[in-house]
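# Overview (structure and organization)
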Amino acid sequence: MMCRLHEIVLQSAGRPEHCICTAAFSGGADSTALLLCLHDLRETLDIDLRAVHVHHGIRGAEADRDAAFCAEICKQQDIPLLTVYVDVPAYAAAYHLSLETAARRLRYQALEQAAAEGVIVTAHHAGDQAETVLFHLLRGSGLRGMRGILPVSGRIRRPLLDAEKADILGFLRDRGQCYVEDSTNFTDECSRNRLRQEIMPLLQRENPAAVQHIARTAMLLAEDEALLSEQAAAALQIGRDSVTGGVSGLADYPKPIRMRVYMQMLEDTPKSVHIDPAYQQLLAIDRIVLAGVGTQLLSGDVYAHTERGILYMQEERTLINPLPMQTGINRMFPGRSCTAVLNDSRTVSQNVHRADTKSTLDFDRIIGKPCFRLRSPADRITLPAREHSTLLKKCVQAAVPKPLRPKLYALYDDLGCIWCEQVGIAARVKPDDSTRRYLTLHVSAEITNKKE
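Residues numbered from 1 in each chain as written. Predicted model: local features only at pLDDT ≥ 70, side-chain atom pairs only at ≥ 80, totals over all residues. Heavy atoms only, no water.

### Considerations on the overall build of the chain
- A tally of helices and strands in the chain yields 14 helices and 19 strands.
- The burial tally for the chain puts 48% of its 452 residues in the buried class.
- Summed over its atoms, the accessible surface of the chain is roughly 23,500 Å², and 52% of this surface lies on carbon and sulfur atoms. (Helix = DSSP H or I, 4+ residues; strand = E, 2+ residues; numbered from the N terminus. Buried < 20%, exposed > 50% of the residue type's maximum accessible area, 1.4 Å probe, protein only. Areas by Shrake-Rupley, 256 points an atom, 1.4 Å probe, with all protein chains shown as cover.)

Put into structure tokens, the structure is as follows:
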């Protein structure tokens, strides 16, 4: 007999069809309802139904109880079950993650490995969707975050996204099916639980249809995001050079298209697997694109680099010679070079402690990996003995004759400019009595300050 939950699954864009279907099965109300619903519809959907239970290595006897419950349900329904054991606390400690984040990562990794073919279904429902949208709203996400959970994402299918909690509990109640409860869902230690237990009830008290309305808004935003992403993909294809990988003509597109092009370029960059660029980083890329020249460090050794209006996403070794750890020469400009020498405190004159030092830095105060790059009009620097940052452009104008300004060496770390030829060093890298390693920079050709 067809019930409301059956209809929701059959009408969902995330329904599995004509495939091997592996259900993530925790034993909770949502995943139990999904598994049994798919079991009812297995012939209609033409699916080979299987289940995977992930034991997270936390909650002790309660987790063992959940695993046993899942095994019993699958035995009753003749559904093949694989139980995967992971060590969430160890993973969280190794990668400095919260237990919640570590558990989510390991759960999806286990599901991908256990389901070698076909699709994976999860039991996310409308309530989860509303919580996710609110969570991203509080984080200041753009459309990509505000679209919430997608019904289809790679191999993942989410056929219950249009179902409310009442639909799920009603389905279980009507068939007399019990389920297990995860005690961690009732604590207020993680932000999602606080949203679920405190914020959502307030919103539903204000408007009983709050969950449906938020879910509908997420669907509309997902459609807008899909259109903008499609237009960005077209702009990327039109402007990309198949040989160099550079993309031209981006400044001619509206900002929403440009920002999505940057995201798509990062997704295509081999080392971007660990990059989740913040909005400020995307804005920094946009600045150098509009300026037509400049470089922006994004993460580790991946850079956005613009030259003659063409944007590249590059690894450090393909950009400008990185700063050597010992003695080395950087030839960024034809006919001129900058020598970098790294020394310890025993071989450096104590005169470098003076506030007016212009070319010696405390190497250990450099953040991330330093590199030479072309200056950008928006770059700022806080010089020693000054309380506020100043536009680097103004410092250069005050110190260097105009004909010589385009070929000035400038050194940057992850936080910005730390040295500019003839201008000086940033206050945050100024050596003092605690300095142990000194980085001294010397340009091959002397630049005079005399006005011509």
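### A short note on the sheet that holds strand 17 (residues 416–420)
- Taken in spatial order, the four strands of this open sheet run 13-16-17-18, and their pairing is antiparallel. Both outer strands of the open sheet, strand 13 (371–372) and strand 18 (424–425), are each paired with one neighbouring strand and no more.
- Two strands pair when backbone bridges link them, and strand 17 and strand 18 are joined in this way by two bridges, in the antiparallel orientation. What sits directly across from tryptophan 419, in strand 18, is isoleucine 425. (Pairing = 2+ DSSP bridges.)

### Focus: the confidence of the model for the chain
- Confidence in the prediction for the chain averages 85 pLDDT; 88% of positions are at 70 or higher.
- Confidence drops under a pLDDT of 50 for residues 317–325, and excluding neighbours within four residues, the segment shows 22 contacts in the predicted structure. (pLDDT = per-residue confidence, 0-100. Contact = heavy atoms within 4.5 Å.)

### Section: the packing of helix 7 (residues 126–139) against helix 11 (residues 210–239)
- Here helix 7 crosses helix 11 at 65°, and the two axes come no closer than 8 Å. As summarised for this structure, helix 7 and helix 11 are arranged roughly perpendicular, according to the angle between their axes. For the pair helix 7 and helix 11, the sense of crossing is left-handed. Between helix 7, through Ala126, Gly127, Gln129, Ala130, Val133 and Leu134, and helix 11, the contact on the second element is made entirely by Val211, Ile214, Ala215 and Ala218.
- Taken together, the residues of the contact of helix 7 with helix 11 sort by class into eight nonpolar, two polar and no charged. (Axes fitted to C-alpha atoms, helices over the stretch in contact; angles between N-to-C directions. Parallel < 35°, antiparallel > 145°, perpendicular 65-115°, else oblique. Left-handed = near helix turned anticlockwise from the far one by under 90°. Nonpolar A, V, L, I, M, F, W, Y, C, P; charged D, E, K, R; others polar.)

### Topic: the pairing of strand 17
- By the criterion of burial, strand 17 is predominantly enclosed, with five of the five residues buried.
- Linkage of strand 16 (residues 410–413) to strand 17, two consecutive antiparallel strands, is achieved through a turn of two residues.
- Counted along the chain from strand 17 to the antiparallel partner strand 18, the turn is three residues long, and its residue glutamine 422 has a positive phi close to 70°.

### Here's the deal with the packing of helix 11 against helix 12 (residues 255–268)
- Two numbers describe how helix 11 lies on helix 12: the axes approach to 8 Å, and their chain directions differ by 70°. When the axes of helix 11 and helix 12 are compared, the pair comes out roughly perpendicular. On helix 12, the residues touching Glu225, Leu228, Ser229, Gln231, Ala232, Ala233, Ala235 and Leu236 of helix 11 are Pro256, Ile257, Arg260, Val261, Gln264, Met265 and Asp268.
- In terms of residue class, the contact of helix 11 with helix 12 is made up of nine nonpolar, three polar and three charged.

### Structural notes on the nonpolar core
- Residues Leu5, Phe25, Leu35, Leu38 and Leu160 are the most contacted members of the largest nonpolar core, which totals 33 residues.
- Of all elements in the fold, only helix 1 (4–11), strand 1 (19–24), helix 2 (29–40), strand 2 (47–55), helix 4 (60–77), strand 4 (119–121) and helix 9 (165–174) reach the threshold of two or more residues within this core.
- If you tally residues by element for this core, the top one is helix 2, at seven residues.
- Setting aside anything within four residues of it in sequence, one finds leucine 35 in contact with Ala23, Phe25, Leu49, Arg50, Ala51, Ile73, Cys74 and Ile79.
- Ranked by size, the runner-up nonpolar core spans 31 residues in total, among them Phe333, Val396, Val400 and Tyr412. (Core = buried A, V, L, I, M, F, W, Y, C linked by side-chain atoms within 4.5 Å.)

### Comments concerning unusual backbone geometry
- Positive phi is not limited to glycine here, since arginine 59 has a value of about 70°.
- On the basis of relative accessibility, which here comes to 25%, the residue arginine 59 falls in the partly exposed class.
- Of note, histidine 96 is a non-glycine position whose phi angle comes to about 55°, a positive value.
- Turning to its location among the elements, histidine 96 is positioned in the loop between helix 5 (88–95) and helix 6 (99–114).
- Classification of histidine 96 as exposed rests on a relative accessible area of 73%.

### Observations regarding the side chain of aspartate 413
- Checked against the element boundaries, aspartate 413 lands in strand 16.
- The buried category is assigned to aspartate 413, whose relative accessible area is 5%.
- Non-local contacts of aspartate 413, meaning those with residues more than four positions away in its chain, are made with Ile366, Ile367, Lys369, Pro370, Ile418 and Arg428.

### Digging into the sheet that holds strand 1
- Here we have six strands laid out as an open sheet, ordered 3-2-1-4-6-5, and mixed in their pairing. Strands with a single pairing partner mark the edges of an open sheet, and in this sheet they are strand 3 (81–85) and strand 5 (152–153).
- Inspection of the sheet shows strand 4 paired to strand 6 (residues 156–157) by two bridges, in the parallel sense. Opposite valine 121, over in strand 6, you have arginine 157 as the bridge partner.
- Relative to strand 2, helix 2 is tilted by about 160°, and along the sheet it contacts strand 1, strand 2 and strand 4.
- Contacts from helix 6 reach strand 1, strand 2, strand 3, strand 4 and strand 6 within the one sheet, and its direction differs from that of strand 2 by about 140°.

### Notes on helix 1
- Restricting attention to buried positions, one finds in helix 1 the residues Leu5, His6, Ile8 and Val9. On an axial view of helix 1, the arc spanned by its buried residues comes to 160°, and they lie on one face.
- Tucked inside the fold, the buried residues of helix 1 contact helix 2, helix 3 (42–45) and helix 9. (Arc of directions from axis to C-beta.)

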